[in-house]
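# Chain and residue survey
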Amino acid sequence: MAEEKKAVAEQEKKTPAKKADAKENKFLAWCKRLPSRIATPFKNMWYELKKVTWPTKRKLWVYSVVVLVFMLFMSIVIGLLDMGASALIRLLV
């Protein structure tokens, strides 16, 4: 009976060490996986960028001109609206 109690006591003493070892092993495994976990999104981004259809120089030029013309048109429209609102405020005041 005394020997069984000693065996149980020894097992209880070993159990916390096993828990500490398990935590240490988890931490080490996490540290080993960390570089691949960081690199994976960048690899995926690189593969997706390879799939992109990039515009030709001509299309890029045309798209840029379209954007600039639209910006000029909108600035004129907003300027006219601002001048009209200013004139309306002057008449009311």
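Preceding this paragraph is the structure being described.
Residues numbered from 1 in each chain as written. Predicted model: local features only at pLDDT ≥ 70, side-chain atom pairs only at ≥ 80, totals over all residues. Heavy atoms only, no water.

### Focus: the overall build of the protein
Helix and strand content of the protein: 2 helices and 0 strands. Across the 93 residues that make up the protein, the buried fraction comes to 0%. About 9400 Å² of surface is accessible on the protein, with carbon and sulfur atoms providing 70% of the total. (Helix = DSSP H or I, 4+ residues; strand = E, 2+ residues; numbered from the N terminus. Buried < 20%, exposed > 50% of the residue type's maximum accessible area, 1.4 Å probe, protein only. Areas by Shrake-Rupley, 256 points an atom, 1.4 Å probe, with all protein chains shown as cover.)

### With respect to the pattern of salt bridges
Tallying each qualifying case throughout the model produces 1 salt bridge. For the salt bridge of glutamate 48 with lysine 51, the shortest nitrogen-to-oxygen distance reads 3.5 Å. On the criterion of helical spacing, the pair formed by glutamate 48 and lysine 51 is a turn pair, its members being 3 residues apart in helix 1 (residues 2-51). Take glutamate 48: its relative accessible area is 47%, and that puts it in the partly exposed class. Of the residues examined, lysine 51 reaches a relative accessible area of 61% and is grouped as exposed. (Salt bridge = Lys/Arg side-chain N within 4 Å of Asp/Glu carboxyl O.)

### Observations concerning a nonpolar patch on the surface
Residues Ile38, Phe42, Met45, Trp46, Tyr47, Leu49, Val52 and Trp54 make up a contiguous nonpolar surface patch of roughly 920 Å² in combined accessible area. Considering the arrangement of structural elements, one finds methionine 45 in helix 1. For methionine 45, a relative accessible area of 47% translates into the label partly exposed. (Patch = residues over 30% accessible without salt bridge, like charges linked within 9 Å, V, L, I, M, F, W, Y side chains within 5 Å.)

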